[in-house]
Amino acid sequence: MADLISVVIPFYSRGDRDYLRQACHSIRTQDYAAVELIVVVNGPEAAQVRDELHPLLADCMATILISSTSGISPALNTGIAHANGQYIARMDADDISRPDRLQKQISWMNENQLDICGSAMRFITYDGIAKSGSYWQALSNYHIRFSLHFFCALAHPTIIIRKSALPKSPYV
């Protein structure tokens, strides 16, 4: 049986619900089947927004939680604390994953005995068209280590990490 991946998506209560629906759909249509989807709502009227999201995300089979503290870090910590997977994949509510993303990352991690994996990403328009010249890439170990002196070399919406490798409160 395949290892379970918990995909955690923080969602600000005043965010675009259509983007969130597309993000969730891109996870539900992954080639890798053992996926748990967790959406964590934070911000004003979070409980009301959670209730509004249930019918919108019904086909995604998402668990929808509320963060007790506002902000992206507490929302991520809430999602991770409720995650059942051996792996945690990170997504934002306005991101779309390619259908083979999780399968490729899990395979790469297992083949290379890695605890964390990221990938390149492209910035796209609302219609899914790649924006010219918008590409995030630091793919080799050397480039990642060098880039860390200047910025986070792993784009957050591409990260997948073994849950066992995370500290108790991974996002401070």
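Attention in this report is confined to the structure presented alongside it. (Residues numbered from 1 in each chain as written. Predicted model: local features only at pLDDT ≥ 70, side-chain atom pairs only at ≥ 80, totals over all residues. Heavy atoms only, no water.)

With that out of the way, let us pick up the overall build of the chain. If you tally the helices and strands in the chain, you get five helices and eight strands. A compact globule built from 172 residues should have a C-alpha radius of gyration of about 16 Å, and the chain, at 16 Å, falls within 12% of that. Each of the three principal axes of the chain carries a C-alpha extent, and together these read 45 × 40 × 35 Å. By residue count, 42% of the 172 residues in the chain fall in the buried class. Long-range contacts, defined here as pairs at least 24 residues apart, represent 72% of the contacts in the chain between residues at least 6 apart. Counting every atom, the chain has about 9,700 Å² of accessible surface; 55% of that belongs to carbon and sulfur. Within the chain, one finds 15 positive and 16 negative side-chain charges whose respective centroids are separated by 5 Å. (Helix = DSSP H or I, 4+ residues; strand = E, 2+ residues; numbered from the N terminus. Rg over C-alpha atoms; globule rule 2.2 N^0.38 Å. Buried < 20%, exposed > 50% of the residue type's maximum accessible area, 1.4 Å probe, protein only. Contact = heavy atoms within 4.5 Å. Areas by Shrake-Rupley, 256 points an atom, 1.4 Å probe, with all protein chains shown as cover. Lys, Arg positive; Asp, Glu negative; His and termini not counted. Charge placed at Lys NZ, Arg CZ, Asp CG, Glu CD.)

We now examine the packing of helix α1 (residues 17-28) against helix α2 (residues 46-56). Taken N-terminus to C-terminus, the directions of α1 and α2 make an angle of 50°; their axes are 11 Å apart at the nearest point. Our classification of the angle between α1 and α2 gives oblique. The way α1 lies across α2 gives a crossing that is right-handed. Listed contacts from α2 to Arg17, Leu20 and Arg21 of α1 are Val49, Glu52, Leu53 and Leu56. When its residues are assigned to classes, the contact of α1 with α2 shows four nonpolar, no polar and three charged. (Axes fitted to C-alpha atoms, helices over the stretch in contact; angles between N-to-C directions. Parallel < 35°, antiparallel > 145°, perpendicular 65-115°, else oblique. Left-handed = near helix turned anticlockwise from the far one by under 90°. Nonpolar A, V, L, I, M, F, W, Y, C, P; charged D, E, K, R; others polar.)

The next subject is the pairing of strand β2 (residues 35-42). Side-chain positions along a regular strand alternate between the two faces of the sheet. Across the eight residues that make up β2, a large majority, eight, are buried. Covered by surrounding structure in β2 are Val35, Leu37, Val39 and Val41 together with Glu36, Ile38, Val40 and Asn42, the residues of both alternating faces. As defined by bridge partners, strand β1 (residues 5-12) adjoins β2 across eight bridges and the pair is classed as parallel. Paired with Val7 across the strands is Leu37, a residue of β2. Following the chain from β1 across α1 to the adjacent parallel β2, one finds a crossover that is right-handed. As paired strands, β2 and strand β3 (residues 63-66) are joined by four bridges and run parallel to one another. Bridge pairing links Val39 to Ile64 in β3. Read from β2 through α2 to β3, the crossover connection turns out right-handed. (Pairing = 2+ DSSP bridges. Right-handed = clockwise from strand over helix to strand, strands pointing away.)

All right, on to the pattern of salt bridges then. Within the structure shown, the criterion is met by seven salt bridges. Asp92 is the partner of Arg90 in a salt bridge, and the nearest nitrogen-oxygen pair spans 2.6 Å. Residue classification places Asp92 among the buried positions, given a relative accessible area of 19%. Of the charged contacts in the structure, one is a salt bridge between Lys104 and Asp100, with a shortest N-O distance of 3.2 Å. Taken together, the shared-partner salt bridges connect Arg98, Asp100 and Lys104 into one network. (Salt bridge = Lys/Arg side-chain N within 4 Å of Asp/Glu carboxyl O.)

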